[in-house]
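# Chain and residue survey
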Amino acid sequence: MKIGIVTPAPPGTQYGNRITALRWAKMLRRLGHRVSIVQRYGRQRFDLLIALHARRSYPSISGFREAKPKNPIIVVLTGTDLYQDFSNDRTARKSLELATRIVVLQPLACDELPKALQKKTRVIYQSATNGWQFAGKKFGTREHKPSRSSAASTFNVCSIAHLRSVKDPFRTAMAARLLPTDSRVRVLQIGDAMTNAMKQRARSEMKTNERYHWLGELPRARLLNILAKSHLCVISSRSEGGANVLSEAVVASVPVLASRVNGNVGILGVDYPGFCDVGDTRRLTHRLRRAETEPDFLAELKARCQRLGPLFNPKREERALRNLIKELHSNSKN
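Residues numbered from 1 in each chain as written. Predicted model: local features only at pLDDT ≥ 70, side-chain atom pairs only at ≥ 80, totals over all residues. Heavy atoms only, no water.

### A closer look at the sheet that holds strand β4 (residues 73-76)
In space, the 6 strands of this open sheet follow the order β2-β1-β3-β4-β5-β6, with parallel pairing throughout. The open sheet terminates on both sides in strands that have one partner only, identified here as β2 (34-38) and β6 (121-123). The sheet shows a mean angle of 20° between the axes of neighbouring strands, taken without regard to direction. Pairing between strand β3 (residues 48-52) and β4: 4 bridges, direction parallel. (Pairing = 2+ DSSP bridges. Helix = DSSP H or I, 4+ residues; strand = E, 2+ residues; numbered from the N terminus. Axes fitted to C-alpha atoms, helices over the stretch in contact; angles between N-to-C directions.)

### Description of the side chain of Arg18
Positionally, Arg18 belongs in helix α1 (residues 16-30). Look at Arg18: it is buried, it has no salt bridge, and the nearest opposite charge is Glu217 at 10 Å. Ignoring any residue separated from it by four or fewer positions in sequence, one finds Arg18 in contact with Thr7, Ala9, Pro10, Pro11, Thr13, Ile37 and Gln39. (Buried < 20%, exposed > 50% of the residue type's maximum accessible area, 1.4 Å probe, protein only. Lys, Arg positive; Asp, Glu negative; His and termini not counted. Salt bridge = Lys/Arg side-chain N within 4 Å of Asp/Glu carboxyl O. Contact = heavy atoms within 4.5 Å.)

### Some details on the packing of helix α12 (residues 281-293) against helix α13 (residues 295-307)
Running from N to C, α12 and α13 point in directions that differ by 100°, and their axes come no closer than 5 Å. Of the possible angle classes, the one that applies to α12 and α13 is roughly perpendicular. For the pair α12 and α13, contact is made by Arg287, Arg290, Ala291 and Thr293 and by Pro295, Phe297 and Leu298, respectively. Residue composition of the contact of α12 with α13, by class: 4 nonpolar, 1 polar and 2 charged. (Parallel < 35°, antiparallel > 145°, perpendicular 65-115°, else oblique. Nonpolar A, V, L, I, M, F, W, Y, C, P; charged D, E, K, R; others polar.)

Structure, rendered in structure tokens:
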């Protein structure tokens, strides 16, 4: 089958949609399909279209439906298109109506959709792998964990997301300001600034907050290396569909603190002990301090994350894709 994956994220970027597109393309090719990744559908002869983001990919979805009225379309709801666009944007709703199947990245996302759309919705967890190689060594091995000397000097907390409002990117830095002077917390912010205002704020924060270090956009290998070496990862988003970084942190056995939004709760579970309400700086400060000073609390977060590891096995995600395409192929024959 010839499959087109439409993603609004440009080539060479590290937006979540681009990462998902690349990962799925690799899996689908392994399953024997011919796959092209494009930013917009342009009358290519695809048997199946997979569109990431309902609103931004609407021109491609509607164009493909017009050109290929009988061919299947899979629309993947990746975050803002579900929790912001669906109720406010007509094109996002129309994309889901045109879709043959809808994919969401965690089970609570289904509750956001009308029952008529839930019937054609499937959940596929975004996978991650613990086989990343750097300098001949794997993530998750002892040599890639913080050494005793570095652990004694700093408690590294990473925040990985492009600097844009929906990610609430400076919440961790703001929480770190409130920590006592004897705290060893160091915040490592990774991600490109989406506006000049965000860039200026990050630079200003570094000047006034000695705990905060903005590293900008990094090569993926280095990003994953820093994640694996961190003591803790914070995901402070105001809205999430199912963040790639959450899967990656879980698989790398890095404990997580996260905002209490459906995209995080749907993966971590309603009773996960590391949640903070969106924008609650003081509660995040409290959680950071507990993680730094209470080994049992940090161990509990880590154990809960480790139990979720099988959800993000690449073989599970590949199997889900295979079953979805098999389902569409079967339905087309009937």
